[in-house]
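One letter stands for each residue in the lines below.
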Amino acid sequence: MKNEVPTRERLIESARYLFWERGFAGTSMADLLAHADVNSGSFYHFFESKEALLRALLDVYLHALRPVIVNPAFAKTDDPVERIFAILAGCRERILQTDCQYGCPLGRLALEIDPENRPAHKLIAENFQGWIGAVRECLEQMQDRLPRDTDPDALATYVLAVMEGGVMLSRSYGSVEPFDRAVKQLHQHFRLLLAGDSGAKGRWSRRKAAK
């Protein structure tokens, strides 16, 4: 039963659903209260504003990334390359499960939230950095298989950009095909990287500080 869930958690879960379905601006306080089945007094006992609820939701996303997304993907294989594509495969499953209506909640919020709302954007960026960090972890495990001049942060960011862009295109096209094409090209990129310097050893180059 909904009322058996603590009020704060109900509000966060309602925000998760409604912000994804209607957007942050498109979700009114009345919508939140009705969906969570709470009154305004209960809301303001936990959150000073809708923006404060947004920050709490972003914090939940941040802490859920590893146990909900990354760990299950990593558990499927020990190969670092395959782990990267296992994360992307999970995203593909969500696209199909929602009949191509899935849209990354972080991506939607990043585009919608006013740029001047720096506290929210800081948390969104931290969430994106969590995704990048998970991919970078895989890249570090395969560093001797990649060219010596590979920039791990840039490559991990590129993987995230492919995922986010593929999700956005699939939602607009109403088809998983754009996502599949983007991931196929990413596969090719990794094949070229691994074939180009597969025997390379040594440390990765790091960017030098600007003089």
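Up top is the structure.
Note that the structure is predicted; figures quoted are calculated from it, not measured.

With that settled, consider the overall build of the chain. When you go through the chain residue by residue, the secondary structure sums to nine helices and zero strands. Projected onto the principal axes, the alpha-carbon positions of the chain cover approximately 65 × 45 × 30 Å. In the chain, which comprises 211 residues, the share counted as buried stands at 42%. Considering only residue pairs separated by 6 or more positions, the chain has 72% of its internal contacts joining residues 24 or more positions apart. For the chain, the computed accessible surface area is about 11900 Å², with 53% contributed by carbon and sulfur atoms.

In the structure shown here, the tally under the stated rule is four aromatic pairs. Both rings, one in Phe 19 and one in Phe 24, keep their centres 5.1 Å apart while their planes meet at 70 degrees; by these two values the pair is edge-to-face. Residue class for Phe 19 comes out buried when judged on its relative accessible area of 2%. When its relative accessible area of 9% is taken as the criterion, Phe 24 is described as buried. When the centroid spacing of 5.8 Å and the interplanar angle of 50 degrees are considered together, the rings of Phe 43 and Phe 47 count as tilted. Here the basic side chain of Lys 50 rests over the ring of Phe 24, its NZ or CZ set 4.4 Å away from the ring centre.

Basis of the calculations
Residues numbered from 1 in each chain as written. Predicted model: local features only at pLDDT ≥ 70, side-chain atom pairs only at ≥ 80, totals over all residues. Heavy atoms only, no water. Helix = DSSP H or I, 4+ residues; strand = E, 2+ residues; numbered from the N terminus. Buried < 20%, exposed > 50% of the residue type's maximum accessible area, 1.4 Å probe, protein only. Contact = heavy atoms within 4.5 Å. Areas by Shrake-Rupley, 256 points an atom, 1.4 Å probe, with all protein chains shown as cover. Phe/Tyr/Trp six-rings, centres within 6.5 Å; stacked < 30°, edge-to-face > 60°. Lys NZ or Arg CZ within 6 Å of the ring centre and 35° of its normal.

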